[in-house]
Amino acid sequence: GYYDLGRVRFADIANGGSGEATEQFLKGYFGEENYNECVLYAYTFLACCMKFPYWHKPKREKEMERAIDYLTRHKI
């Protein structure tokens, strides 16, 4: 599940979302249970690593900058 959650969070960040989609997805997935933020960060980073090689070709600099900014500001 964390793999999918990381991909959703990454897409939300890269596309300039407010984070609301990620929060809704997390609530739907975990409900009232706690989740491991370190594991979610790791899968978000993995999603980033998997997309960046492809995003260099279509020139998606804005999305890459947003993702790098988020990952830098939220280091765990």
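Structure: above.
Residues numbered from 1 in each chain as written. Predicted model: local features only at pLDDT ≥ 70, side-chain atom pairs only at ≥ 80, totals over all residues. Heavy atoms only, no water.

Participant: Explanation requested: the side chain of Asp12 in the structure shown.
Facilitator: Note on placement: Asp12 falls in helix 1 (residues 2-14). Of the side chains with opposite charge, Arg9 comes closest to the buried, unpaired Asp12, at an N-O distance of 7.3 Å. Apart from the residues lying within four places of it in its own chain, the contact partners of Asp12 are Gly17, Ser18, Gly19, Glu20, Ala21 and Thr22. (Helix = DSSP H or I, 4+ residues; strand = E, 2+ residues; numbered from the N terminus. Buried < 20%, exposed > 50% of the residue type's maximum accessible area, 1.4 Å probe, protein only. Lys, Arg positive; Asp, Glu negative; His and termini not counted. Salt bridge = Lys/Arg side-chain N within 4 Å of Asp/Glu carboxyl O. Contact = heavy atoms within 4.5 Å.)

Participant: Is there a simple way to explain the side chain of Arg9 in this structure?
Facilitator: Residue placement: Arg9 occurs in helix 1. Leaving out residues up to four positions away in the same chain, Arg9 has contacts with Thr22, Leu26, Tyr35, Glu37, Leu40, Thr44 and Tyr70.

Participant: Looking at this structure, I do not really get the nonpolar core. What am I missing?
Facilitator: When a protein is soluble and globular, its nonpolar side chains tend to lie buried together. The biggest cluster of nonpolar side chains holds 12 residues, and these are Phe10, Ile13, Ala14, Tyr41, Ala47, Cys48, Phe52, Trp55, Met64, Ala67, Tyr70 and Leu71. Broken down by element, this core gets its largest block of residues, five residues, from helix 3 (residues 37-55). With residues near it in sequence (within four places) discarded, Phe10 still touches Thr44, Ala47, Cys48, Lys51, Phe52, Trp55 and Ala67. (Core = buried A, V, L, I, M, F, W, Y, C linked by side-chain atoms within 4.5 Å.)

Participant: Looking at this structure, how should I read the environment of Glu32?
Facilitator: With respect to the secondary-structure elements, Glu32 resides in the loop between helix 2 (20-30) and helix 3. Linking Glu32 and Asp12, residues 20 residues apart in sequence, is a C-alpha distance of 22 Å.

Participant: Just checking my understanding: could you explain the packing of helix 1 against helix 3 for this structure?
Facilitator: Each packed pair of helices is defined by two parameters, the angle between the axes and the distance between the axes. Interhelical geometry of helix 1 versus helix 3 gives an angle of 60 degrees and a closest axis separation of 7 Å. By the angle between their directions, the pair helix 1 and helix 3 is classed as oblique. For the element pair helix 1 and helix 3, the recorded crossing hand is right-handed. Facing helix 1, whose interface residues are Tyr2, Tyr3, Leu5, Gly6, Arg7, Arg9, Phe10, Ile13 and Ala14, helix 3 presents Glu37, Val39, Leu40, Tyr43, Thr44, Leu46, Ala47, Cys48, Met50, Lys51, Phe52 and Trp55. Residue composition of the contact of helix 1 with helix 3, grouped by class: 15 nonpolar, two polar and four charged. (Axes fitted to C-alpha atoms, helices over the stretch in contact; angles between N-to-C directions. Parallel < 35°, antiparallel > 145°, perpendicular 65-115°, else oblique. Left-handed = near helix turned anticlockwise from the far one by under 90°. Nonpolar A, V, L, I, M, F, W, Y, C, P; charged D, E, K, R; others polar.)

Participant: Can you walk me through unusual backbone geometry in this structure?
Facilitator: Note: most residues except glycine have negative phi, and most peptide bonds are trans. Residues other than glycine seldom take positive phi values, yet Lys59 does so here, at roughly 60 degrees. Tracing the backbone shows Lys59 in the loop between helix 3 and helix 4 (61-73). Classification of Lys59 by relative accessible area gives exposed; the value is 59%.

Participant: When you look at the packing of helix 1 against helix 2 in this model, what are you seeing that I'm missing?
Facilitator: Between helix 1 and helix 2, the least distance of the axes is 8 Å, while the angle of their chain directions is 165 degrees. Looking at the two axes, helix 1 sits roughly antiparallel to helix 2. Relative to helix 2, helix 1 is oriented so that their crossing is right-handed. Between helix 1, through Tyr2, Asp4, Leu5, Val8, Arg9 and Asp12, and helix 2, the contact on the second element is made entirely by Glu20, Ala21, Thr22, Phe25, Leu26, Tyr29 and Phe30. Of the residues contributing to the contact of helix 1 with helix 2, the split by class is eight nonpolar, one polar and four charged.

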